[in-house]
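Topology and contacts: notes
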Amino acid sequence: MRLDSEIINSLGDIVGKDNVLMARESLEPYSHDETPGLSHLPDVVVKPKTAEEISKIMKLANEKEVPVTPRAGGTGLSGGAVPWLGGILMSFERMNRIKEIDTENAMAVVESGVIVQNLEEEAAKYGLFYPPDPASLDSCMIAGNVAECAGGARAFKYGVTRNYVKGMEVVLPQGEIIRLGGKLIKNVTGYSLMDLIVGSEGTLAIVTEVILKLLPLPEAKIDLLIPFNSIEQAVNTAVKIIKSGIVPATIELMEREAIKASERYLEKKTPFSDAEVHILVELDGKKENIEKEYEILGELALENGAIDVYVAEDKGEQDRVWEARRAISEALKSKSEIDHEDVVVPISEIPNLFRNLKELEKKYLLKIVCYGHVGDGNIHVNVLKETMEEKKWREIIPKLVREIFDIVVQRGGMISGEHGIGLAKKAYLPLALDSAQIELMKRIKIAFDPKNILNPGKIFDI
Ligand code: LAC
Ligand code: ZN
């Protein structure tokens, strides 16, 4: 769809002409997120500054029936921010104020375009802690985290974005501005529209401001990087840690290919990187407690086949280990074309899932590299194309993905743990949810957005 000059002029009147982009080269960065293989140019990019401006844009878009795709940091991995039908791309980059760190209530009030790491650092100045830590935390924005209900490594102990969202200001698709929740620990006043909006992938409302719960900043932390020579030993150890009674902040797993790709990408060595697989455990809390806990977990790992236990005690060592972990997604993409999945299974099924993935690797003669949040049963499964011929790859991938998802669903899992459905997984949604559920979701979507103009084509087609 091309937008006529009347719409463009009206957008300029609302946000100021400098905040309306039309030139092809300035549209390109807004045509994709971090999902491999998905892009589409918007017709126009607008950069509003306030909820009132967004409200006016949505009223205009409704009247003219123009699709609007909201975009936060653009780090998503399911195509949620890709303007698939063109139209208006709405960027939150100018709405980046941390409005308040309320120490009395331990709550932060932030605009949608605040970078998550900036919030974490600002809260820390007041002795407070914002735990959700997606791997892209140095560039992802809070509105995207809310839209996708972002997880991250610390979700094992601290939960996901949903557990921290206590209030929000949103603009509904038809332009009404509403406030939900507040600086409240409890609230059952009517349906929780807020919980519906969290994780709705930008399809129900545009989040303009968020009230987030903060925790006391842990006094200390320590990271254990534990190499193993077999995936079974590593997975079994992870399961034993989960059951140990000690609750680490993270229990991550990284296969050798993932670590190696990250080493090459960063041009930095990771300890014991020749090992088949690593577990990365972070303990946080009072210094004397975590010192005891790491002794116990270190012993548990060694008893279960660990080659060694690398203890990262100072900040420099810890940053290095986490830099390597967080770079994996980018590193794998730079190494080969990949298919990237984000499955989640019950803890008891983790060993079986890995066994099945190894079987599929043999069956399809494709390398499958896993890493991710093993403590949550949330595994990032990456199939590498490497030298496979394009035509064959395109034939094989949908079959392989379907097989992975069937296994996951049979084992009581779901096809996305933290990246969402977006465009990338849309075709597979009926494998995980029955039609009655999908129909109910569609009716909810239409109740919010009768003209289906807000982020259309994501999750499902109406
Ligand atoms: C990670 C992203 C891909 O865990 O979710 O690295
Ligand atoms: Zn992840």
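Let us look at the structure shown here. (Residues numbered from 1 in each chain as written. Chains lettered and ligands numbered in written order. Predicted model: local features only at pLDDT ≥ 70, side-chain atom pairs only at ≥ 80, totals over all residues. Heavy atoms only, no water.)

**Side note on the overall build of the chain**
How we decide: Numbering of helices and strands starts at the N terminus; helices are DSSP runs of H or I of at least 4 residues and strands are runs of E of at least 2. The atom set for the radius of gyration is the C-alpha atoms, and the globule formula is 2.2 Å times the number of residues raised to the power 0.38. Per-residue accessibility, obtained with a 1.4 Å probe over protein chains only, is compared with the maximum for each type, and a residue is labelled buried under 20%, exposed over 50%, and partly exposed between these values. What makes two residues a contact is simply this: any of their non-hydrogen atoms within 4.5 Å. By the counting scheme adopted, Arg and Lys are positive, Glu and Asp are negative, and His together with the chain ends is not counted. Note that the charge is assigned to NZ on lysines, CZ on arginines, CG on aspartates and CD on glutamates.
Across its full length, the chain carries 16 helices and 18 strands. Against the globule reference of 23 Å for 462 residues, the chain gives a C-alpha radius of gyration of 22 Å, in line with a compact fold. The principal-axis extent of the C-alpha atoms belonging to the chain is close to 70 × 60 × 45 Å. The 462 residues of the chain split such that 57% are buried. For the chain, long-range pairs separated by at least 24 residues make up 73% of all intrachain contacts whose partners lie at least 6 apart in sequence. Of the side-chain charges in the chain, 57 are positive and 73 negative, and the distance between the mean point of each set is 3 Å.

**A closer look at the coordination of the zinc ion (ligand 2)**
Defined as follows: Each metal's donors comprise the N, O and S atoms found within 2.8 Å of it (within 3.2 Å for Na, K or Ca). Water is not part of the atom list, so some coordination spheres may appear incomplete.
Protein coordination at the zinc ion (ligand 2) comes from His373 (NE2), His380 (NE2) and Glu418 (OE), with a distance range of 1.9 to 2.1 Å. Written as a sequence motif, the donor residues of the zinc ion (ligand 2) are H-x6-H-x37-E. Here His373 is found in strand 17 (residues 367-373), whereas its partner Glu418 is found in the loop between helix 14 (390-410) and helix 15 (429-432), with 45 residues between them in sequence. Looking at His373, the relative accessible area reads 4%, which means it is buried.

**A short note on the packing of helix 8 (residues 231-243) against helix 10 (residues 287-303)**
Operational definition: Lines are fitted to the C-alpha atoms to define the axes, a helix being fitted only along its stretch in contact, and any angle between axes, read from their N-to-C directions, falls within 0 to 180 degrees. Rotating anticlockwise by less than a right angle from the far helix to the near helix defines a left-handed crossing, while the corresponding clockwise rotation defines a right-handed one. When residues are sorted by character, Ala, Val, Leu, Ile, Met, Phe, Trp, Tyr, Cys and Pro go into the nonpolar class, Asp, Glu, Lys and Arg into the charged class, and all the rest, Gly among them, into the polar class.
Where helix 8 contacts helix 10, the two axes come as close as 10 Å, and the packing angle between them is 145°. Read as a crossing pair, helix 8 and helix 10 show a hand that is right-handed. Residues Thr237, Lys240 and Ile241 of helix 8 touch helix 10, and the partners they reach there are Leu297, Leu300 and Ala301. For the contact of helix 8 with helix 10, the class distribution of residues is four nonpolar, one polar and one charged.

**Re the packing of aromatic side chains**
Going by this rule: For this analysis, a ring pair means two rings from Phe, Tyr or Trp (six-membered ring only for Trp) whose centres lie within 6.5 Å, classed as stacked if their planes differ by under 30 degrees, edge-to-face if by over 60, and tilted for the remaining angles. We call a charge positioned above a ring when the Lys NZ or Arg CZ atom is no farther than 6 Å from the ring centre and deviates by at most 35 degrees from the ring normal.
If you walk through the whole model with that rule in mind, you get three aromatic pairs. Considering the side-chain rings of Tyr130 and Tyr164, the 5.8 Å spacing of their centres and the 80° angle between planes classify their relative orientation as edge-to-face. In this pair, Tyr130 sits in the loop between strand 7 (128-129) and helix 5 (142-148) while Tyr164 sits in the loop between helix 6 (155-158) and strand 8 (165-171), placing the two residues 34 residues apart along the sequence. Assigned by exposure class, Tyr130 and Tyr164 land together as buried. Between Phe405 and Tyr428, the ring centres sit 5.2 Å apart and the planes meet at 85°, which makes this aromatic pair edge-to-face. One end of the pair, Phe405, is in helix 14; the other, Tyr428, is in the loop between helix 14 and helix 15, with 23 residues separating them in the sequence. Under the relative-accessibility criterion, Tyr428 is labelled buried at 12%. Stacked on the ring of Tyr164, the Lys or Arg Lys213 has its end atom at 5.5 Å from the ring centre.

**Quick notes on the nonpolar core**
The cut-off we apply is this: Within this scheme, the nonpolar core is defined by two criteria: the residues are buried Ala, Val, Leu, Ile, Met, Phe, Trp, Tyr or Cys, and they are joined through side-chain atoms within 4.5 Å.
By size, the foremost hydrophobic cluster in this structure holds 59 residues, and its most contacted members are Ile226, Val281, Leu400 and Ile404. A per-element tally of this core places helix 14 first, with nine residues. With 34 residues, the next largest nonpolar core counts Ala123, Tyr130, Cys140 and Leu172 among its residues.

**Here we look at the sheet that holds strand 1 (residues 20-21)**
Selection criterion: We treat two strands as partners when DSSP finds at least two bridges between them.
One open sheet holds the four strands; their spatial order is 1-2-4-3, and the pairing between them is mixed. On the outer flanks of this sheet lie strand 1 and strand 3 (68-71), each paired with one strand and no other. In the packing of helix 3 (residues 51-64) onto the sheet, the strands contacted are strand 2 (44-46), strand 3 and strand 4 (88-91), and the crossing angle to strand 4 comes to about 170°.

**Topic: the environment of Leu214**
The topology assignment puts Leu214 in the loop between strand 10 (206-213) and strand 11 (215-216). For the pair Leu214 and Ala436, spaced 222 residues apart in sequence, the C-alpha separation works out to 37 Å. What Leu214 contacts, discounting residues up to four positions off in sequence, is Ile101, Ala106, Met107, Ala108, Ala123, Leu128, Phe129 and Tyr130.

**Regarding the site of ligand 1**
Spelled out, the test is: A cutoff of 4 Å decides nearness: a residue is near a molecule or strand if any of its heavy atoms lies inside that distance of it. Nitrogen and oxygen atoms within 3.5 Å of one another constitute a polar contact, given that in protein one can donate a hydrogen and the other can accept it, and given that sequence-neighbouring residues count only through two side-chain atoms. Note on areas: these come from Shrake-Rupley sampling with a 1.4 Å probe, and a residue is covered only by the protein chains present in the view.
With respect to spatial proximity, the complete set of residues near ligand 1 consists of Leu77, Ala135, Arg325, Ser329, Tyr371, His373, His380, Glu418 and His419. The contact in question runs from an oxygen atom of ligand 1 to an N or O atom on the side chain of Arg325, over 2.7 Å. His380 places a polar side-chain atom, nitrogen or oxygen, 3.1 Å from an oxygen atom of ligand 1. Compared with its free state, where it exposes 220 Å², ligand 1 has 92% of that area covered by protein. Residue composition of the shell around ligand 1, grouped by class: three nonpolar, four polar and two charged.

**A look at the pairing of strand 18 (residues 378-384)**
Burial analysis of strand 18 places seven of its seven residues in the buried class, which makes it a mostly covered element. Side chains Asn378, His380, Asn382 and Leu384 of strand 18 all project onto a buried face; the interleaved residues Ile379, Val381 and Val383 project onto the opposite face, where all are buried too. When strand 16 (residues 338-344) meets strand 18, the two strands line up antiparallel, connected through seven bridges. Of the residues in strand 18, the one forming a bridge with Glu341 is Val381. Pairing geometry for strand 17 and strand 18, over seven bridges, is antiparallel. Note that in strand 18 the partner of Ile368 across the bridge is Val383. In textbook terms, the turn of a hairpin is the stretch between consecutive antiparallel strands, and for strand 17 and strand 18 this stretch comprises four residues, one of which, Gly377, has a positive phi near 70°.

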